[in-house]
Amino acid sequence: MRTATLQKNDLDRVIDLLSQADYRVIAPQNQPRLDGPDSIDVAVFKEIQSGDSHNIGEGLSTTGIKPFLFPKDEPLFAYENRGKKVVLTEVSLDFPKTVILGVRPCDVASVSSLDAVFSDKNAGFNDELFTKRLEKTTFVSYSCTEPDVSCFCTSVGLAPDSDKGSDLHMTELPDGTLHVEVKTKAGEKIAAVIDALLSGDGDAVARQQAGVAAAEKITRLRDSAPILPWLQDLGNFGDEMWQRLGEKCLGCGACTFECPTCHCFDIVDENSGNKGYRVKFWDSCQFDHFTLHASGHNTRNSQFERYRNRFNCKFKIYEDVFGEKGCVGCGRCIRGCPVNLDITEYMAEVAHKAAIPNAMSADPDFE
Amino acid sequence: MIEQIREKARELLESGELDVVIGYAEGSDPTRTTPIFCRKPEDTDKLVLDGRCVNTLPAYLNKRHEYPKKGWKKTGIIGKGCDIRAITQLIAENQLKRDEVYIFGAECEGVVAHPEKWDGSLHEGNCASKCSACDVKIPLDTDFYPGEKPEVDRSGPYMVSAPALATLVKMDDEDRFAFWRDDFDRCFKCYACREVCPHCSCNICITDRTMPSWVDQAAHTKGVFGWHLTRAMHLVGRCTGCGECTRACPVNIQVDLFNQKMKEVIQESFDYKSGYSMEVKPPLITYNTDDQETYIR
Amino acid sequence: MSKGIVRHDFEPKIMGFVCKWCTYSGADLAGTSRMDYSPHVRMVRLPCSGRIDPQFVIKAFEQGADGVIISGCHPGDCHYNEGNYYARRRNLAFRNLMEFNGIDIKRLEFSWISAAEAIKFTQIIDKFTNQVRDLGPNEGYRALLDPYASRLVKSSEESAA
């Protein structure tokens with residue numbers, strides 16, 4: 001498909017043109033900061049208007065694009081109790097035509113992981129709230145050139161310049177221009193809108209080199225190949241490492257809510273008088289009541305078991321059920337963890353254990 | 001300093017007096033440290049103590065985190081001054097007994113506001129604002145302190161440390177509401193603020209209860225307001241100001257501003273500073289017959 | 001005592017959380033004495049002002065109240081000896097918290113009304129109602145009241161019962 005060159009300072013014009021073409025444009029934006037040393041820079045994806053400042057291409061946003069496909073809270077329907085009658089009101093499935101700009105390769109790769117859960121490809125149920133949004137959404141991805149210390153996408157089969165799941169992919173070249181690659185039909189539509197800003201055929205060689213150079217900057221390198229067979233050996237479920245590494249976990253949901261592929265949700269009725277909403281909202285396997293049964297029994301009764309579940313979900317359950325990895329290596333769970341619980345430490349530990357035959361050991365100090 | 005603590009910790013673990021020593025070890029990045037549970041004497045070699053040690057370790061002593069406590073009879077804990085104030089407050093609230101913990105204290109020069117600001121040293125630009133008004137850099141109550149502990153005058157009133165608070169207080173009510181509404185838009189209710197807090201010690205948090213549902217569980221703005229107000233109210237007169245709630249927030253909502261504001265109110269109204277005494281009751285579980293009632297008609 | 005009927009553009013919704021031993025009995029006395037007072041307050045009877053959890057007030061605002069009134073026995077009169085002393089401390093803190101949150105503190109009223117003070121009861125209710133009416137709707141919270149109204153489509157008259 002088509003390749004071209006775009007000037008980086010034309011990104012504002014891209015936003016203008018897409019807005020004029022009736023797209024809802026989403027881009028990463030820095031959030032206002034309070035005075036004082038305690039505040040840090042936070043960038044989130046938000047709807048952008050012409051002229052707003054954005055930070056496309058500057059670091060990885062604090063939270064990903066998940067909220068635009070799977071919002072942190074949304075109604076399933078509204079109900080109202082009128083005497084003996086219950087009146088239900090459905091929610092609209094008519095979502096705006098959206099383009100998300102400046103998505104990092106890890107984030108855009110995560111879309112297929114979410115799709116595996118919510119579409120009827122594997123699960124046998126089509127969650128229209130997700131799939132209808134996805135149909136209307138176009139992803140314009142943007143290669144990383146400066147991966148940070150927590151990035152580990154190369155350890156899970158991706159790369160800083162990966163275009164998996166992307167509709168239109170941009171790579172920043174050392175000369176400051178952007179190499180644009182159209183990947184899909186939806187991407188072609190975007191390219192047609194911004195056609196006036198595109199020139200030439202781009203520089204495929206420089207783009208390749210930029211990708212290689214970025215990949216070399218990644219310092220967190222783990223071997224994920226031995227993880228699946230090791231996890232599939234159920235004898236390792238009781239290994240001492242789970243508790244040793246996981247007992248410091250405090251049980252917040254920061255890792256799961258920042259994670260681009262975590263998709264668990266809960267449903268409650270939010271009642272107000274005789275009416276209310278049935279609401280679907282994010283839930284986290286790290287919460288103590290996530291597996292709490294009505295009987296009072298909790299199948300994952302301690303925190304290390306909950307993190308073990310998270311690791312298994314990413315590297316085993318996803319592969320067993322959907323045939324792909326549940327982790328895209330964005331590193332947000334590492335940056336966001338209050339106690340520096342590090343998923344790559346688990347990866348390293350597993351690789352280490354897998355390399356030593358019969359290394360499974362129950363630590364006598366535990367239990 | 002840390003050498004002496006390591007040595008003492010090793011000695012107490014070897015003699016069996018302590019089952020575990022909770023401290024800080026090098027994290028997975030050079031900018032970070034991570035909590036460590038030393039169960040074997042040799043684990044104590046991993047202990048570190050410097051400006052990167054942001055975590056408030058007494059969070060592991062409260063009831064919510066009952067699991068690692070299984071089998072601990074006596075816990076050693078390495079604390080900065082503010083952590084030890086949190087322990088003192090837990091004892092004042094009967095959440096902990098003094099003889100269940102063995103406190104290793106050390107002089108603290110302050111900690112970094114957020115690990116991502118660590119550039120090899122601690123300086124004005126990256127030191128947490130809570131450290132600027134700290135009077136427990138020499139910790140209050142310790143079982144082990146390397147060297148001689150100097151006397152410090154701590155009679156002064158509570159000082160608000162966050163510069164942002166002054167800006168917020170000056171705003172109109174409407175602007176302040178709008179400020180929080182916009183900030184809370186980012187909140188997705190991961191409850192990191194709750195989990196890192198040494199004083200959030202309920203076994204089942206009110207937000208996790210659905211019958212009745214006092215706080216909306218979904219993270220729409222109404223529910224987020226409900227949660228942060230509830231959290232702040234439950235910490236009135238109890239918060240010891242470690243600022244971990246703000247530091248742990250993945251989307252940088254400065255929720256400790258609520259706590260700081262309330263500490264100021266409590267100081268002015270009831271002359272109470274949390275975390276300085278194991279005997280004085282927290283202000284909201286006691287009363288004086290001549291308490292201020294200017295607001296009452 | 002009768003007041004002429006005056007129409008206003010805005011009639012506030014006010015929640016009242018009151019102690020049953022004093023304020024609620026005071027309200028009873030006002031009623032049985034045929035005293036006139038604003039009908040805007042929806043009153044919830046609780047055993048003691050010490051039972052009034054700030055959570056109730058937060059919930060009231062979340063459910064669309066424009067003002068909340070809390071009332072109990074005078075200090076020293078508590079049926080349970082000390083409940084109102086705790087309430088006094090708690091509400092002092094809570095008012096400051098709500099103010100810091102950006103709620104106009106004039107929307108939150110705290111008063112001591114004994115079982116004999118029917119006149120004080122009517123005066124406080126009238127005064128507070130006027131005060132909240134002058135402030136107008138609690139816009140901040142009202143905007144949050146129905147988070148998903150814009151997401152709904154058609155109402156299907158399906159019944160299930």
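About the criteria used
- Residues numbered from 1 in each chain as written.
- Chains lettered and ligands numbered in written order.
- Predicted model: local features only at pLDDT ≥ 70, side-chain atom pairs only at ≥ 80, totals over all residues.
- Heavy atoms only, no water.
- Helix = DSSP H or I, 4+ residues; strand = E, 2+ residues; numbered from the N terminus.
- Buried < 20%, exposed > 50% of the residue type's maximum accessible area, 1.4 Å probe, protein only.
- Contact = heavy atoms within 4.5 Å.
- Areas by Shrake-Rupley, 256 points an atom, 1.4 Å probe, with all protein chains shown as cover.
- Lys, Arg positive; Asp, Glu negative; His and termini not counted.
- Charge placed at Lys NZ, Arg CZ, Asp CG, Glu CD.
- Rg over C-alpha atoms; globule rule 2.2 N^0.38 Å.
- Domains from an automatic or database assignment.
- Salt bridge = Lys/Arg side-chain N within 4 Å of Asp/Glu carboxyl O.
- Polar contact = N/O pair within 3.5 Å; in protein donor to acceptor, adjacent residues only side chain to side chain.
- Nonpolar A, V, L, I, M, F, W, Y, C, P; charged D, E, K, R; others polar.
- Pairing = 2+ DSSP bridges.
- Axes fitted to C-alpha atoms, helices over the stretch in contact; angles between N-to-C directions.
- Buried area = accessible area lost by both parts, 1.4 Å probe.
- Patch = residues over 30% accessible without salt bridge, like charges linked within 9 Å, V, L, I, M, F, W, Y side chains within 5 Å.
- Core = buried A, V, L, I, M, F, W, Y, C linked by side-chain atoms within 4.5 Å.

K.L.:
An account of the overall build of chain C is requested, with residue identities and associated values reported.
P.N.:
Helix and strand counts for chain C come out as five helices and five strands. Counting helices and strands in the order they occur from the N terminus, chain C gives β-α-β-α-β-α-β-α-α-β. Along the first, second and third principal axes, the C-alpha atoms of chain C reach 55 × 40 × 40 Å. For chain C, the residues scored as buried account for 53% of the 161 residues in total. Within chain C, contacts between residues separated by at least 24 positions form 81% of all contacts whose residues are at least 6 apart in sequence. Carbon together with sulfur atoms contributes 50% to the accessible area of chain C, which is approximately 7300 Å² in total. Computing the positive centroid from 21 side-chain charges and the negative centroid from 19, chain C places the two 3 Å apart.

K.L.:
Can you explain the overall build of chain A? Please cite residues and give values.
P.N.:
Helix and strand counts for chain A stand at 11 helices and 11 strands. Here the C-alpha radius of gyration of chain A, 22 Å, is about what a compact globule of 367 residues would show, namely 21 Å. When its C-alpha atoms are laid out on the principal axes, chain A stretches across 65 × 65 × 50 Å. Within chain A, buried positions represent 58% of all 367 residues. In chain A, the proportion of contacts linking residues at least 24 apart, taken out of those at least 6 apart, comes to 72%.

K.L.:
Before we move on, can you summarise the domain arrangement of chain A with the specific residues and values?
P.N.:
All names here are of chain A. Once the domains are mapped, chain A shows domain 1 (3–63 + 92–216) and domain 2 (227–355). The C-alpha centroid of domain 2 is placed 27 Å from the C-alpha centroid of domain 1. The interface is formed by 26 residues belonging to domain 1 together with 24 residues belonging to domain 2. Counting across the domain 1 and domain 2 interface gives four salt bridges. For the pair domain 1 and domain 2, the interface holds nine residue pairs in polar contact (both at pLDDT 80 or more). The greatest single-element share of the side of domain 1 that touches domain 2, amounting to 10 residues, is contributed by helix 2 (residues 105–118). Grouping the constituent residues of the side of domain 1 that touches domain 2 by class yields 13 nonpolar, nine polar and four charged.

K.L.:
An account of the sheet that holds strand 4 (residues 108–112) of chain C is requested, with residue identities and associated values reported.
P.N.:
Residue and element names in this part refer to chain C. With respect to topology, four strands assemble into an open sheet ordered 2-1-3-4, the strand pairing being parallel. Among the strands making up the open sheet, the edge pair consists of strand 2 (41–46) and strand 4. For this sheet, the mean inter-axis angle between neighbouring strands, taken without regard to orientation, is 20°. Pairing of strand 1 (residues 14–19) with strand 2, which is carried by six bridges, proceeds in the parallel orientation. Bridge pairing in strand 2 places V18 opposite R45. Each of strand 1, strand 2 and strand 3 (67–72) is contacted by helix 1 (residues 23–32), which is oriented at about 110° to strand 1, the strand it contacts most. The sheet contacts of helix 2 (residues 54–62) involve strand 1, strand 2, strand 3 and strand 4, and relative to strand 3 the element is tilted by about 155°.

K.L.:
Now, about the interface of chain B and chain A: what can you tell me, with residues and values included?
P.N.:
Listed per partner, the contact involves 56 residues of chain B and 55 residues of chain A. Both faces combined, the contact of chain B with chain A buries some 4500 Å², and carbon together with sulfur accounts for 53% of it. The closest approach of N and O atoms between R220 of chain A and D29 of chain B, which form a salt bridge, is 2.2 Å. Our count for the contact surface shared by chain B and chain A stands at 21 residue pairs in polar contact (both at pLDDT 80 or more). Among the elements that take part in the side of chain B that touches chain A, strand 2 (residues 33–38) of chain B stands out by supplying four residues, more than any other. Partitioning the side of chain B that touches chain A into residue classes produces 25 nonpolar, 16 polar and 15 charged.

K.L.:
Break down a negative patch on the surface for me, citing the residues and quoting the values.
P.N.:
Taken together, the side chains of D172, E174 and D175 of chain B together with E139 of chain C make up a negatively charged region of the molecular surface. As for its placement among the helices and strands, E139 of chain C is situated in helix 5 (residues 139–142). According to the relative accessible area criterion, E139 of chain C is exposed, its value standing at 54%.

K.L.:
Quick rundown of the nonpolar core? Include the residues and the values.
P.N.:
In terms of nonpolar packing, the biggest core is built from 135 residues, with F311 and F315 of chain A, W180 and L257 of chain B together with F17 and V68 of chain C touching the most fellow members. No other element matches the seven residues that helix 3 (residues 83–101) of chain C contributes to this core. Filtering out sequence-adjacent residues up to four positions away, W180 of chain B remains in contact with L168, F225, Q254, L257 and F258 of chain B together with F100 and N101 of chain C. In terms of nonpolar packing, the next biggest core, distinct from the first, is built from 26 residues, L11, L18, Y23 and I48 of chain A among them.

K.L.:
Outline the environment of F144 of chain B, listing residues and values.
P.N.:
Residues and elements named next belong to chain B. Looking at where F144 falls in the secondary structure, it is placed in the loop between strand 5 (101–105) and helix 4 (163–170). Looking at F144, the relative accessible area reads 16%, which means it is buried. Separated by 136 residues in sequence, F144 and K8 have C-alpha atoms that sit 8.1 Å apart. Those residues within four positions of F144 in sequence are excluded, and the remaining contacts are Q4, I5, K8, Y102, I103, F104 and G105.

K.L.:
So what about the environment of R310 of chain A? Which residues, and what values?
P.N.:
All names here are of chain A. Along the polypeptide, R310 turns up in helix 9 (residues 303–322). For R310, a relative accessible area of 2% translates into the label buried. For the pair R310 and Q286, spaced 24 residues apart in the sequence, the C-alpha separation amounts to 7.8 Å. Discounting residues that sit within four places of it in the chain, R310 has contacts with C255, T256, C259, C262, C285, Q286, C333 and I343.

K.L.:
Help me get a handle on the side chain of D208 of chain B, residues and values and all.
P.N.:
On the secondary structure map, D208 of chain B appears in the loop between helix 6 (192–195) and helix 7 (221–234). Engagement of the side chain of D208 of chain B in a polar contact is seen with the side chain of T207 of chain B, the distance being 3.4 Å. Not counting chain neighbours up to four residues away, the residues in contact with D208 of chain B comprise D288 and H289 of chain A together with R194 and Q217 of chain B.

K.L.:
Break down helix 1 (residues 11–20) of chain A for me, citing the residues and quoting the values.
P.N.:
Along helix 1 of chain A, the positions that sit buried rather than exposed are L11, V14, I15, D16, L17 and L18 of chain A. Just past helix 1 of chain A, the residue D22 of chain A takes up positive phi, approximately 65°.

K.L.:
Could you give me a rundown of unusual backbone geometry, with the residues and numbers involved?
P.N.:
All names here are of chain B. Between M211 and P212 the backbone carries a cis peptide bond, its omega angle lying at -5°. Here P212 is to be found in the loop between helix 6 and helix 7. A positive phi angle, near 60°, is found at N94, a position not held by glycine. Tracing the backbone through its elements, the reader meets N94 in the loop between helix 3 (81–92) and strand 5.

K.L.:
I'd like to hear about the sheet that holds strand 6 (residues 98–103) of chain A, residue by residue, with values.
P.N.:
Residues and elements named next belong to chain A. Across the sheet, which stays open at both edges, the seven strands sit in the order 1-9-8-7-6-2-3 with mixed pairing between neighbours. At either margin of the open sheet sits one strand with a lone partner, and together these are strand 1 (3–7) and strand 3 (43–47). Along the sheet, successive strands turn relative to each other by an average axial angle of 25°, direction set aside. Pairing of strand 6 with strand 7 (residues 137–142), which is carried by five bridges, proceeds in the parallel orientation. Each bridged residue has a counterpart across the sheet, and for L101 the counterpart in strand 7 is V140. Each of strand 3, strand 6, strand 7 and strand 8 (168–172) touches helix 2; the most contacted strand, strand 7, lies at about 145° to it. In the packing of helix 4 (residues 185–193) onto the sheet, the strands contacted are strand 6, strand 7, strand 8 and strand 9 (177–182), and the crossing angle to strand 7 comes to about 75°.

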